[in-house]
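# Examination of the molecular architecture
Chain by chain, the residues run as shown.
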Amino acid sequence: MIMHPLAHLGPSVAAAFLASLVEFVEALTVVLAVAVTRGWQPALIGTGLGLALLLLLVALLGPALALVPLHALQLVVGTLLLLFGLRWLRKAILRAAGVIPLHDESAAFASETAALGATGARQRWDLVGIATSFKIVVLEGLEVVFIVIAVGAAGGLLLPASLGAAAALIVVVALGALLHRPLTQVPENTLKLVVGVLLSAFGAFWAGEGIGIAWPGADWAALGLVAGFAATAALGIAACRPGVPAEARARGG
Amino acid sequence: MRSLAAALKEIAGLFVDDGSLVLMVLGWLGLSAALAHFAPACWDGVVLFLGLAALLVENARRASRRR
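For the structure given in this document, a descriptive report is provided here. (Residues numbered from 1 in each chain as written. Chains lettered and ligands numbered in written order. Predicted model: local features only at pLDDT ≥ 70, side-chain atom pairs only at ≥ 80, totals over all residues.)

With that out of the way, let us pick up the overall build of chain B. Looking only at helices and strands, one finds three helices and zero strands in chain B. Taken from the N to the C terminus, the helices and strands of chain B come in the order α-α-α. Referenced to the eigenvectors of the C-alpha coordinate spread, the extents of chain B come out at roughly 50 × 30 × 10 Å. Evaluated residue by residue, chain B yields a buried proportion of 24% over its 67 residues. (Helix = DSSP H or I, 4+ residues; strand = E, 2+ residues; numbered from the N terminus. Buried ≥ 20, exposed ≤ 12 C-beta atoms within 10 Å, placed from the backbone.)

This paragraph deals with the overall build of chain A. For chain A, the count of helices and strands is nine helices and zero strands. In sequence order, the secondary structure elements of chain A are arranged as α-α-α-α-α-α-α-α-α. Counting only residues that meet the buried cut, chain A has 47% of its 253 residues in that class. Within chain A, residue pairs in contact and separated by at least 24 positions form 88% of the contacts whose partners lie at least 6 positions apart. (Contact = placed C-beta atoms within 7 Å.)

All names here are of chain A. The interhelical angle for the contact between helix α3 (residues 70-96) and helix α7 (residues 188-210), taken along N-to-C directions, is 150°, at an axis separation of 6 Å. Between α3 and α7, the angle falls in the class roughly antiparallel. As α3 runs across α7, the sense of the crossing is left-handed. Grouping the amino acids of the contact of α3 with α7 by side-chain chemistry returns 18 nonpolar, ten polar and three charged. (Axes fitted to C-alpha atoms, helices over the stretch in contact; angles between N-to-C directions. Parallel < 35°, antiparallel > 145°, perpendicular 65-115°, else oblique. Left-handed = near helix turned anticlockwise from the far one by under 90°. Nonpolar A, V, L, I, M, F, W, Y, C, P; charged D, E, K, R; others polar.)

What follows deals with helix α3 (residues 44-66) of chain B. For α3 of chain B, built from 23 residues, the straight-helix expectation of 33 Å at 1.5 Å per residue is met to within 8% by its first-to-last C-alpha distance of 33 Å. On its buried side, α3 of chain B packs onto α3, α7 and α8 (221-240) of chain A together with α2 (19-38) of chain B. (Expected span 1.5 Å × (residues − 1).)

Residue and element names in this part refer to chain A. When the terminal C-alpha atoms of α7 are compared, their 32 Å separation across 23 residues agrees well with the 33 Å that a helix rising 1.5 Å per residue should span. Counted residue by residue, α7 has 19 buried out of 23 residues, so it is predominantly covered. Of the residues trailing α7, Gly212 is marked for its positive phi of about 95°.

Encoded structure:
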C-alpha cells in the first residue's frame, strides 16, 4: 500500500510528543519529590535503572516487531492503541465535564513528598528513594514506549515518533533542571484530551485496516477520524456535564 | 510472584479502565470485521467510527450518572 506520509507524519509525531510530554511531566513530579525528601542520589540512581530497563525492552521488542506481518501488526497494535486512546479520552471527557477532579501536579507532588518523608530514615543506599523513582520511570516510560511503537510501527514511522518522544524528554528534563519544581503550568488535562483524540483516531484507523476495512480517502481518512473523535469528545463533555437545575435555566443561569 | 502480578495488573490498567467499554469495543470491532468481510462497502469505516463514538459517549454518560 502506498503511504501518504503527510497524512500520518504530523499527527504521529504530535501524538508521540504530546503523550510523552504528559508522561514525562508526571514522572518528573515523583522524581523531584524523591530528590527533595531523600536526596538527588537515589532519585538519579532509580531514574537511571528505570531508563536502562526501558532501553533493554526497546532493544528486545524493536527487532521482534520487524518479524510480525504488517496486517497482524496493524490489527493487534491498532486494537491496543484504540483501547488505550479511548481510556484516555473517556477520562479526559469526565474531567472536562467536572465529573472527576482534574489532575493536579502540585497535589501529586505534595502527597508524594509527605509519603516519602514519613518512611524510615535514610541509609547509605536509600532503597525506598531508588525504588520510588525506578517505579515511576518504568511505569510512565512503558506508556511512552507503547505509544511510540503503536503510532510509529504500524505506519512505518517509528523514527519520527521516537524523535517526537525524545524531544518531549529533552523539554521536560531541561525545564525540570531549570525550575527544580513540578511543571504545574503545563496544561496536562487539555493535553490528555488532545492525545486521547489522536490515539483513538490512529487506533481506529489501524484496527480498521487490520480487519480489512477500505477507508474512504485511504490514509487521509486518519485525519477525518481525528476530526470525528474531537467532535465526539465535545459531544461527550456536553452529555456528561452535571445537569443545570430547571429554575436556573428558567432564570437564564 | 506478587510483584509480577502487580506489574501485570499495572500493564492491563493501561488499556482497561471500564471493562464493559473494552468488551463493547472489541465486540464492535468483531461485527465491523464481519461486515467488511461479507458485505464490503465504502461506508464500513464510517460504521466502525460511528459505533465507537456512540459507545464512548454512552459509557462516559453512564459513568457520570453513577458519580
